[in-house]
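Fold and contact review
Spelled out from the first residue to the last, the chains are:
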Amino acid sequence: MIRGGKTQRLVNRIENVALFNVQGTGVPGITGVIFAAVENSGANVILISKASSEHTVCFAVHEKDVTAVAEALDSGNHQDLPAGGLTKVQIILSCSILKIGQKMEHSTGVGVSLLSALEKDNINVLAIAQGYSEYDISVVLKKEDCTRALSAFYSRCFLSKTIMAMGIVGPGLIGATLLDQLRDQAAILKEDFNIDLRVMGITSSRTMVLCDQGIDLSGWRELQKETGEMADLEKFTQHLHENQLSSNMVMVDCTADSNVASRYYDWLHKGIHVITPNKKANSGPLDKYLKLRSLQRQSHTHYFYEATVGAGLPIISTLRGLQETGDKILRIEGVFSGTLSYIFNSFKGERAFSEVVAEAKQAGYTEPDPRDDLSGTDVARKVIILARESGLKLELADIPVQSLVPEPLQTSSTAEQFMQQLPQFDQDMARERHDAETVGEVLRYVGVVDAVNNKGSVELRRYKKDHPFARLSGSDNIISFTATRYKDHPLIIIGPGAGAQVTAGGVFSDILRLASYLGAPS
């Protein structure tokens, strides 16, 4: 049963139950014969769920009595059961029963609340038995669904409809920033919007911290150092899944790890919502992406990933909004890398390309190894995500990518060696800049989704100086949507497309969007 304070004995829980589904089309009034046989076996019937037909009945007994009941229902062991009288005897093991307690007698709509909570959390009910009133109701579930069912009912009846139990994976730069943003806004969200955000666990690749009531985010860093245990993503998932606070479970993946992304399917299957800036799942193998999206649509769970493209910019939501209102995407073109935006916005005059790359690295715009940015792979992942959102069934390998890493340096053993050798190739990029400037153009590293011709590309392009792409500054991203309604004048979104603050803000925005979907005021 649920325990603790006012919830004691509101819902009784019976474990180690087996469910019998019995059909006997050859025997009129079969239920009387069946229960006489069960009684003679010495078993105690815990629950009966009767169909309208007299030839079908469902009942539950303790698992310890299964063998005796099964033998009693064998026509060879009971004289009142003629051969062939029972056409079907199905036994379902490892079940639990939830029964609403008497303290709920004066609560209106309690039966509807229980069943609605189970339906909302995609929990399958095996059998239902109801007495003379709405509060006298019992349901049979698979044992592994029972804890989640209790949480769903408890949350619906007594807690905020939008209490959210969250697990944060990856407290690195983005994850740590998100945790600090949650810390700063939690009280305001709870007081003004009835959104109660509880971080039930934080895990890095090495250590994790778990809490049954929610971690105090004012000291999460110290808590992780002082009380952190060895990281175990299976245990971490189980802790979130079995939490007693809320059925609104959310896993927030702030890593760039493909192994973590591979768990999204399992999380969604368990009824855990997923929010992430991690691009690996949506840009990975097409069949796995389609399988993931199909499950998400069927499982009543949400999968949000706005920050996978454009950090905090509303790129994914704008694209979906256009399509959901009947517009047709023709082309998406943009500067998707804040790092490469900064580099080419700074690559002016007589400055050497290697000098600008070194400056970007020193300022923290690039990855520790700048080749990870200059290779164009990250931009290609963003292009494939937008292509698939536009309905194109493309693999990452289908996107031709122009790498800015000189071929002889692609296999340099260290980032330091690469940076030392890059000046040897400055002349090549200087020539590209000169050719563009000669005809009044600038260089920009762009990704393109050509929905008309079902293809994409990532390459260095030239644009006239009056083009919107030529007027970028700093590390801004710019994305242009050409659609049937925006054919002559593309829809353009521009703004910061990189950085921990804006990326974490994009993830936070997805968390609040999920809260709105779950019932919070918008």
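Computed from a prediction, not measured in an experiment: that's the story for all the values here.

Across its full length, the chain holds 19 helices and 18 strands. Taking all contacts inside the chain whose residues are at least 6 apart in sequence as the whole, residues at least 24 apart take part in 69%. Accessible surface, the chain as shown: approximately 24,000 Å² in total, 48% of it carbon and sulfur.

Moving on, we get to the nonpolar core. Judged by nonpolar contacts, the single largest core of 70 residues is most densely connected at Trp267, Ile332, Ile343, Phe344, Leu374 and Leu386. Ranked by residue count, the leading element in this core is helix α16 (residues 377-389), at seven residues.

A complete count under the given rule lists eleven aromatic pairs for this structure. Consider the rings of phenylalanine 347 and phenylalanine 353, whose centres lie 5.5 Å apart with planes at 80 degrees: the pair is edge-to-face. Its relative accessible area of 3% is what places phenylalanine 353 among the buried residues. Connected via pairs of aromatic rings, a cluster forms that spans Tyr264, Trp267, Tyr303 and Tyr305.

A few words on the pairing of strand β4 (residues 88-100). Pairing of strand β1 (residues 11-23) with β4, which is carried by ten bridges, proceeds in the antiparallel orientation. Counterpart to valine 17 in the pairing with β4 is cysteine 95. Examined bridge by bridge, β4 and strand β6 (residues 137-142) share five bridges and lie antiparallel to one another. Paired with serine 96 across the bridge in β6 is leucine 141.

Pairing is possible between side chains of opposite charge, provided their charged atoms come close. Enumeration over the complete set of coordinates arrives at 24 salt bridges. The partner of lysine 382 in a salt bridge is aspartate 378, and the shortest N-O contact between them spans 3.2 Å. Taken together, the positions of lysine 382 and aspartate 378, both in helix α16 and four residues apart, correspond to about one turn of that helix. Between glutamate 441 and arginine 462 there is a salt bridge, with its nearest N and O atoms 2.9 Å apart. One end of the pair, glutamate 441, is in strand β15 (residues 441-450); the other, arginine 462, is in strand β16 (residues 455-464), and 21 residues separate them in sequence. Glutamate 441 sits in the buried class, given a relative accessible area of 13%. Given a relative accessible area of 38%, arginine 462 falls into the partly exposed group.

A few words on the environment of leucine 210. Within the element layout of this structure, leucine 210 appears in strand β9 (residues 207-210). Leucine 210 sits in the partly exposed class, given a relative accessible area of 23%. The spacing of leucine 210 and threonine 227 is 17 residues in sequence and 9.4 Å in space, taken between C-alpha atoms. Those residues in contact with leucine 210 that sit more than four places away from it in its chain are Met200, Gly201, Glu229, Lys235, Phe236 and His239.

Turning next to the side chain of aspartate 65. Counting through the fold element by element, aspartate 65 comes out in the loop between β3 (56-62) and α2 (66-72). Sequence-distant contacts of aspartate 65, defined by excluding residues within four places in its chain, comprise Ala43 and Asn44.

Basis of the calculations
- Residues numbered from 1 in each chain as written.
- Predicted model: local features only at pLDDT ≥ 70, side-chain atom pairs only at ≥ 80, totals over all residues.
- Heavy atoms only, no water.
- Helix = DSSP H or I, 4+ residues; strand = E, 2+ residues; numbered from the N terminus.
- Contact = heavy atoms within 4.5 Å.
- Areas by Shrake-Rupley, 256 points an atom, 1.4 Å probe, with all protein chains shown as cover.
- Core = buried A, V, L, I, M, F, W, Y, C linked by side-chain atoms within 4.5 Å.
- Buried < 20%, exposed > 50% of the residue type's maximum accessible area, 1.4 Å probe, protein only.
- Phe/Tyr/Trp six-rings, centres within 6.5 Å; stacked < 30°, edge-to-face > 60°.
- Pairing = 2+ DSSP bridges.
- Salt bridge = Lys/Arg side-chain N within 4 Å of Asp/Glu carboxyl O.

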